[in-house]
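Here are the chains, one letter per residue:
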Amino acid sequence: MILRLFSVCISFVLPALAQDGGQLFTLYCAACHGADGNGATGGAFPPLAGSPWVGGDPDRSVKVVLHGLHGPVDVLGKTYNLEMPPQGAMLPDDQVAAILTFVRSSWGNQAGSVTADTVKTIRAAHADRKEAWTAGELLKLHPLPLERTALTHLISSVYPGKWDRLPDFSTLKAESVEEEHDGILSVTDSPHKDSYAMLWQGDFQLPADGEYNFLLDADDAARLIIDGELIVEVSGSGPMDGSRSQQKKATLSKGSHKLRVEYLEISGFEGITLGWRGPGAKSWSWLSDQKAASGTIREPIPIEPANGRPVIYRNFIAGTTSRAIGVGFPGGLNLAYSADHLTPELIWTGAFMDGTAKWLERGTDNNPPAGENLVTLAKERFLPKEARFRGYKLDKDGNPTFSIQIGGQFLLDSWRAESGALIRKLTVTGSALEVPIARPAGVTIEEAAGKSVIQLSPGQPVTLTYRWK
Amino acid sequence: MRLLLSILFTATLTRAAAQSDFYLREEIPLPPGEVMEIGSIALMPEQKIAVTTRRGDLWICSGAYSEDLGKVTWKKFAQGLHEPFGMFWKAGWLYLTQRPEVTRLKDSTGGGLADTFETINSDWGINGDYHEYAFGSDPDKNGDIWVVLCLTGSAGAASDWRGWCVRVTPDGKMIPTCSGIRSPGGIGFNSSGDVFYTDNQGPWNGSSALKWLKPGSFQGNPTGNKFAKLANFPSPPDVADKSRILAERIKHPTFIPPAVVFPHGKVGQSPTGIVCDQSNGKFGPWKNQLYVGEQTHSQVQRVALEQVNGIYQGAVFPFLDGFEAGLIPVRLDQEAGLLFVGGSNRGWASRGSKPFTFERVKWKGRTPFEIQTMTANNDGFTITFTEPVDPSTAGNPAVYTMEAWTYILQSDYGSPEVDKVTPRITAANVSSDRKSVRLKVDGLVRGHVHHLTAKGVTAAAGQALWHSDAYYTLNEIPR
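Residues numbered from 1 in each chain as written. Chains lettered and ligands numbered in written order. Predicted model: local features only at pLDDT ≥ 70, side-chain atom pairs only at ≥ 80, totals over all residues. Heavy atoms only, no water.

(A) Focus on the environment of Q201 of chain A. All names here are of chain A. Note on placement: Q201 falls in strand β7 (residues 196-206). Note on Q201: relative accessible area 36%, which makes it partly exposed. The spacing of Q201 and R60 is 141 residues in sequence and 35 Å in space, taken between C-alpha atoms. (Helix = DSSP H or I, 4+ residues; strand = E, 2+ residues; numbered from the N terminus. Buried < 20%, exposed > 50% of the residue type's maximum accessible area, 1.4 Å probe, protein only.)

Structure, rendered in structure tokens:
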């Protein structure tokens, strides 16, 4: 009797256990990660094939599947900033295990299978977790194995000393010389924290003839020399946050080249980032243990006036409100008008806006004005609650007039650029209106000298000229 | 010889039907070098079509109806818009639902560029979060535009009226209308003028669905409930976590259940734009049915709705497939019988591997053998087919299978399929005109999605079904 019951149970339980990982992957994962594991849309989404995130310790990938992943993540030399939605509430342990077992053994991946018990244990350990993981959190808990680089026979030399620029290494004697078998440039190879220089020399194996891009960043100074030619240099001192990074191109032949990297640490933080991108490669490969921050490898998308007409940009602009309307005038003069506060809020010179923050991926990055001499004209609303934004009109040259309705009257706020100044014309209909005028440092407003309020009367427009000092 | 012929004949008949047998899908050439991530499509006079892009451009296309798509031309009409999702043309104006406002624009001087941008209403909150999308409808019979407002980050309510549907009247008033929304992908009307939107799987939304925006209703996600007090409305239901939609809507009558659930993964993963077929058969025999875009799987699904006990419900059928990017807007020219779709896969991947697309679909005039409609009875379902069936297959209950399930209503992201049952099909009675079959089903479950497969059904002329799956959401069992 017991035996018969047992066999009945087996026949019911077995089909439920036999989850088909490949089929589940196709159903739930392939749209983003690609049926071939290379990431959908030619790699616009993170690949799983060959990804170190997938291999090794399965905890990393189980956690990503259960709770999702938030924020930027580097995979095989490319930074992605998408949101992996959490699947834990939808997929039971056996399905997560089947999918990950499939992923870890497909497209050349050769990692071991994942059991439902492993998933169950990890799920239970993080039962209270509500947020998605970040890449940083996961890497701290489950570091990735280091990837091999294109460098062989890499020798590092360390030279203690105080310099304010890269020294002439030919006159120096190294304190220590080591071979770096991992082929990775790392300041952790130095025993010093401050006041030292380093030199790396090795063979750089290039896969093809053609044009190569190099990205170098350092805290403080560094230069890359290939076959005796200076390729790219970061000079002076400062942080390694992308603000000083340099990109250069060089045409190189397939095969082995002599690589030489010189580096100087003055004081404080230290580090070096060196990336390269071969002909046709879409992503950076790194020769250093540190990699450039996500923002630095995007090509800028300048938004600029065309055909002598101003350009309008309506997306979020950092430093003003969500309903800001940006206007880039010819001649490098720019305005952000707040349709929430019903007033101009920012003016600046030079480049108008860069589209990369909002026009790529999900548009999660902050987008400050791209130029210089930023001046804040207002930060709050001065008109009563019933005042409403009614839109804008463009004149024949594309210059805007913003329209505000206050009960039965209208306030019209027109802007154009002329001879290095922004010209603002204020018009009111109905009855008289007081308009506060901010007079911040950085610009002069000739017509409003000494005034903080402009008295506007119907039929008597007021013109204000904003000129940078 | 006769044997050979009959084998050939059978082989022809049993060849699987393909989309290209019935529908011609064509890519409409886009202006070279431009990033055309299309978010809305409007039909204009003289067979011109306006499209907006996620980067905020508005382009007008000529030649999208012509036989030779090589003659398509484009003109940029406006730029600097804020990611519009919803646009229509009316009396010389293009009306847009932009992220921060409802706007209408036109070229007032004949210069060829839009120069007048009138803000009709901007009374909802936005705070700069990437996910606070706004999708707007065409005008309803009163001229109102219905706008569905995505939650902050798709899970929070950091700005006023997130998670609500509002109506914007022609004179610029905003009327909060429904609560309980999560992350919409599109909004449209059925043939009676009732308004529906699509909502995506996530917190408080076990699977994506087509939902009925009955004024005053709650749609299931309580995150935005707090905004009711801004207008002194009664608070929407405080639904219980880890519950079921049916249980909660019995407790809270304003909770209108999803009209048609699109089971996650099985029928797409991210439904988007909605359009009703009122072309009188110019796009196939789908009169008054809805076509729903699908972003992740790059598809168009077909939906047949009915109202039972005052609640909308019905079936979703797989329909068109293989689009080049993730679809967002869908637009049917009811006169020409042409379906226009556009899309983008920026930020959210799609099976279609291009970054953006603009396509049209034309019916070739050949009717596919398909399940046309599926309607609920007290004791089962009536399945209507597009062609007469072979009673020897369609009348055999054993050619059908049925499975039914529901989802957990929970604050966690999505839900597994739960409470699974296998209703038994006990009879299949073919109608006298052989166009429909009445299935007697033992074990219908109120509130469950009922998945019917009809793989073995053949037409009187011998062919197999193009699609054999239907997913019916049985909110109500007819009395």
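(B) Inspection of the packing of aromatic side chains at higher detail. Summed over the entire model, instances satisfying the criterion amount to 44 aromatic pairs over all chains. An aromatic cluster of three or more residues is present, and its members are F22, Y23, F283, W286, Y291, F319 and W466 of chain B. Cation over ring: R277 of chain A sits above W284 of chain A, and NZ or CZ is 4.7 Å from the ring centre. The ring of W286 of chain B is capped by R302 of chain B, whose NZ or CZ atom sits 3.9 Å from the centre of that ring. (Phe/Tyr/Trp six-rings, centres within 6.5 Å; stacked < 30°, edge-to-face > 60°. Lys NZ or Arg CZ within 6 Å of the ring centre and 35° of its normal.)

(C) Spatial organisation of the environment of F135 of chain B. Residues and elements named next belong to chain B. As for its placement among the helices and strands, F135 is situated in strand β10 (residues 134-139). A residue is classified by how much of its surface remains accessible, and F135, at 8% relative accessible area, is buried. What F135 contacts, discounting residues up to four positions off in sequence, is F85, T97, W146, V147, V148, P184, G185, G186, I187 and I328. (Contact = heavy atoms within 4.5 Å.)

(D) The arrangement of the pattern of salt bridges in detail. Across all of its chains, the model carries 39 salt bridges over all chains by this definition. With a closest N to O distance of 3.0 Å, R314 of chain A and E101 of chain B form a salt bridge. Of this pair, R314 of chain A sits in the loop between β16 (311-313) and β17 (324-329) while E101 of chain B sits in the loop between β7 (93-97) and β8 (102-106), placing the two residues on different chains. Owing to a relative accessible area of 3%, R314 of chain A belongs among the buried residues under this scheme. Judged by relative accessible area, E101 of chain B falls into the buried class, the value being 2%. For R416 of chain A, the salt bridge goes to E418 of chain A, with nearest N and O atoms at 2.3 Å. The class of R416 of chain A is partly exposed, set by a relative accessible area of 35%. Through salt bridges with shared partners, a single ionic network connects R25, E27, E324, K354 and E359 of chain B. (Salt bridge = Lys/Arg side-chain N within 4 Å of Asp/Glu carboxyl O.)

(E) Molecular detail of the sheet that holds strand β14 (residues 285-286) of chain A. Residue and element names in this part refer to chain A. Spatially, β11-β8-β13-β14 is the arrangement adopted by the 4 strands of the open sheet, whose pairing is antiparallel. Pairing within the sheet leaves two strands with one partner each, and these edge strands are β11 (246-252) and β14. Sheet topology note: the strand β8 (residues 210-219)/β11 ladder contains 7 bridges and is antiparallel. The residue of β11 that forms the bridge with N213 is K249. (Pairing = 2+ DSSP bridges.)

(F) Geometry of the pairing of β17 of chain A. All names here are of chain A. Within β17, 6 of the 6 residues are buried, leaving the element largely enclosed by the surrounding structure. Both faces of β17 are covered, namely the face carrying A324, G326 and G328 and the face carrying I325, V327 and F329. Pairing geometry for β17 and strand β18 (residues 333-338), over 6 bridges, is antiparallel. Across the sheet, F329 pairs through a bridge with L333, a residue of β18.

(G) Spotlight on the interface of chain B and chain A. Listed per partner, the contact involves 52 residues of chain B and 40 residues of chain A. Carbon and sulfur atoms make up 49% of the surface buried where chain B meets chain A, a total of about 3,800 Å² over both sides. When residues of chain B are sorted by the area they lose upon contact with chain A, R55, Y130 and Y413 of chain B head the list and together hold 17% of the total. The interface formed by chain B and chain A holds 3 salt bridges in total. Taken together, the connections running from chain B to chain A amount to 18 residue pairs in polar contact (both at pLDDT 80 or more). Per-class residue counts for the side of chain B that touches chain A are 14 nonpolar, 26 polar and 12 charged. Where strand β22 (residues 388-394) of chain A lies against strand β9 (residues 116-121) of chain B, 3 bridges are found, and the strand directions are antiparallel. If you follow G391 of chain A over to β9 of chain B, its bridge partner there is E118 of chain B. (Buried area = accessible area lost by both parts, 1.4 Å probe. Polar contact = N/O pair within 3.5 Å; in protein donor to acceptor, adjacent residues only side chain to side chain. Nonpolar A, V, L, I, M, F, W, Y, C, P; charged D, E, K, R; others polar.)

(H) A look at helix α5 (residues 59-67) of chain A. Residues and elements named next belong to chain A. For α5, the buried fraction is high: 8 of the 9 residues fall into the buried class. Taken together, the buried positions of α5 are R60, S61, V62, K63, V64, V65, L66 and H67. Structurally, α5 contributes buried residues whose contacts are with β1 (69-70), α6 (93-104), α7 (116-125), β4 (133-134) and α8 (135-141). Of the residues trailing α5, G68 is marked for its positive phi of about 85 degrees.

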